[in-house]
Amino acid sequence: MAYEGVSDYCHSTYDWSIAKENPSIMYVQMGEENDSAYQVVFRSYTGTFVNFYVDKTSGTTRMEEYVPTLDVRSDAGTINIYDYLDKEN
């Protein structure tokens, strides 16, 4: 559910048209998991990564943006992952 919610969020928030010719420049993939959270990673065509840390209990998701070329990390806010899951399931 963490992957699906983050993927839905990213597809509704970011412009994926640039990735039509080269889909490998933008993607969503699962990261690490610990006792309390799942990590899901979004890579933008700009090379920036957004790490989503999804709380397993509440669905509260902390976002952290990372720009590797500048080695800069910044808080990118929070969302509730349940707001981005398909309501029919």
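**Student:** Break down the overall build of the protein chain for me, with residues and values.
**Tutor:** When helices and strands are counted, the protein chain shows one helix and five strands. In the protein chain, the succession of α and β elements from N to C terminus is α-β-β-β-β-β. Its C-alpha atoms give the protein chain a radius of gyration of 13 Å, within 12% of the compact-globule value 12 Å for 89 residues. Along the first, second and third principal axes, the C-alpha atoms of the protein chain reach 35 × 30 × 20 Å.

**Student:** Any details on helix H1 (residues 2–13)? Residues and values, ideally.
**Tutor:** End to end, H1 covers 16 Å across twelve residues, agreeing with the expected 16 Å (1.5 Å per residue, within 8%). Packing partners of the buried residues in H1 comprise strand S1 (27–33), strand S2 (37–43), strand S3 (49–55), strand S4 (60–67) and strand S5 (72–80).

**Student:** Explain the pattern of salt bridges residue by residue, including any values.
**Tutor:** On inspection of all chains with the given rule, the structure shows two salt bridges. Across the pair Glu33 and Lys56 runs a salt bridge, and its minimum N-O distance is 2.6 Å. Residue Glu33 is found in strand S1, and its partner Lys56 is found in the loop between S3 and S4; the two are separated by 23 residues along the sequence. By relative accessible area, Glu33 is classed as exposed at 53%. For the salt bridge of Glu64 with Arg73, the shortest nitrogen-to-oxygen distance reads 3.3 Å. Given a relative accessible area of 17%, Glu64 falls into the buried group. Of the residues examined, Arg73 reaches a relative accessible area of 51% and is grouped as exposed.

**Student:** Before we move on, can you summarise the pairing of S5 with the specific residues and values?
**Tutor:** Across seven bridges, S4 lies against S5 in antiparallel orientation. Looking across to S5, one finds that Glu64 is bridged to Asp75. Linking two consecutive strands that pair antiparallel, namely S4 and S5, is a turn of four residues; a positive phi of about 50° is found at Asp71 within it.

Rules and cut-offs
- Positions within a chain are numbered from 1, following the residues in the order the chain's sequence is written.
- Local features in this predicted model are restricted to residues of pLDDT 70 or higher, and side-chain atom pairs are both shown and tallied only at a pLDDT of 80 or more, whereas totals for entire chains, interfaces and linings draw on every residue.
- Note that water and hydrogens are dropped before the side-chain values are worked out from all heavy atoms of the structure.
- Going along the chain from the N terminus, every DSSP run of H or I of four or more residues is numbered as a helix, and every run of E of two or more is numbered as a strand.
- Throughout, radius of gyration means the C-alpha value; the globule benchmark is 2.2 Å times the number of residues raised to the power 0.38.
- A helix is expected to span 1.5 Å multiplied by its residue count minus one.
- By the convention used here, residues are in contact when the closest approach between their heavy atoms is within 4.5 Å.
- When a carboxyl oxygen of Asp or Glu lies within 4 Å of a side-chain nitrogen of Lys or Arg, that pair is called a salt bridge.
- When a residue's accessible area, from a 1.4 Å probe over protein chains only, is under 20% of the maximum for its type it is buried; when over 50% it is exposed; and in between it is partly exposed.
- For two strands to be treated as a pair, DSSP must find at least two bridges joining them.

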